[in-house]
Amino acid sequence: MSDVDPLIRREMQWMALGVLENRDLAPIIIAKVRRQRIRRAIISGVAVLIIAFASIGLFEGFKALSTDSGVVDSASQSLGENAATQQVIQGLISDYPITWEQSVGDVGAISAAGGLGDTLGGLTATGLKISWERCGKGQCPVTWVLSVINKTNDLISASPSLSVFTGHSPLVSDSRPTTVIPGGTALLVYSFPEFQDSLETSPTATWQWNWYLSPLR
């Protein structure tokens, strides 16, 4: 049995006999050994795949952390839940003209109205990005992203609100409570999907906006 597979030899030695009740046990033993080898090969393959995917996941995770740590002026410096994970917005970004409205438009405001470059409660507005979508015969500013920076040496917790006007008439306002570390930046996202459902605008409609501070809740 010197040329017999070691596993087959071991099995046959354990069985002690090659024939049982007039039945040759060799085919049974060979089939059993074959199944054992196939099972081991499958387990080894699965283990290799698990290790490979785990290594790729760890590599991508460390890569993402390294990339994020290199962005100094990112929204990750804000502790607010409404901060967006994108780089800082500078100036006004809009496909359609929009102006600043001096009126606050909300009796619950605890500050004056502000625009780009204005500082309220220690937060300075540095940029505004507006996304427009179709409503009626014109376009509506559905999503607004306001970039604010904390230029103080203190931790600032505030509730910046953004008001939208059409034809100088207030439509709606929304607040985004946030906390920003000293020198940090927050991107506050304001969404007004109801514009698409309830407004009938024309191509000549005029749009205004402002931001102010609301009481923290």
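Preceding this paragraph is the structure being described.
Okay, so let's go over this structure. As the structure is a prediction and not an experimental result, all values here were calculated from the model.

**Some remarks on the side chain of Arg176**
- Position of Arg176 relative to the elements: it lies in the loop between β10 (169–175) and β11 (178–180).
- Engagement of the side chain of Arg176 in a polar contact is seen with the side chain of Asp174, the distance being 3.2 Å.

**What about the packing of aromatic side chains?**
- Considering all chains together, one arrives at four aromatic pairs under this definition.
- Their ring planes at 85° and their centres at 6.0 Å tell us that Trp132 and Trp207 sit as a pair that is edge-to-face. Separated by 75 residues along the polypeptide, Trp132 in strand β6 (residues 123–135) and Trp207 in strand β13 (residues 207–213) bring together distant segments of the chain.
- Take Trp207: its relative accessible area is 4%, and that puts it in the buried class.
- Ring geometry for Phe192 versus Phe195: centroids 5.4 Å apart, planes at 20°, classification stacked. Phe195 shares its class with Phe192; the two are buried.
- Aromatic ring contacts, followed pair by pair, group Tyr96, Trp132, Phe192, Phe195 and Trp207 into a single cluster.

**Looking at a nonpolar patch on the surface**
- A cluster of nonpolar residues, Ile38, Ile42, Val46 and Ile50, forms a patch on the protein surface that exposes about 370 Å² of accessible area.
- In this structure, Ile38 sits in helix α2 (residues 26–69).

**Describing the sheet that holds β10**
- As summarised here, the arrangement of the four strands in space is β4-β13-β9-β10, forming an open sheet in which the pairing is mixed. Each having just a single partner strand, β4 (99–100) and β10 make up the two edges of the open sheet.
- Strand direction decides the pairing type here: strand β9 (residues 160–166) and β13, joined by seven bridges, are antiparallel. Each residue of the ladder has a partner; that of Phe165, found in β13, is Gln208.

Cut-off values and rules
- Residues numbered from 1 in each chain as written.
- Predicted model: local features only at pLDDT ≥ 70, side-chain atom pairs only at ≥ 80, totals over all residues.
- Heavy atoms only, no water.
- Helix = DSSP H or I, 4+ residues; strand = E, 2+ residues; numbered from the N terminus.
- Polar contact = N/O pair within 3.5 Å; in protein donor to acceptor, adjacent residues only side chain to side chain.
- Phe/Tyr/Trp six-rings, centres within 6.5 Å; stacked < 30°, edge-to-face > 60°.
- Buried < 20%, exposed > 50% of the residue type's maximum accessible area, 1.4 Å probe, protein only.
- Patch = residues over 30% accessible without salt bridge, like charges linked within 9 Å, V, L, I, M, F, W, Y side chains within 5 Å.
- Areas by Shrake-Rupley, 256 points an atom, 1.4 Å probe, with all protein chains shown as cover.
- Salt bridge = Lys/Arg side-chain N within 4 Å of Asp/Glu carboxyl O.
- Pairing = 2+ DSSP bridges.

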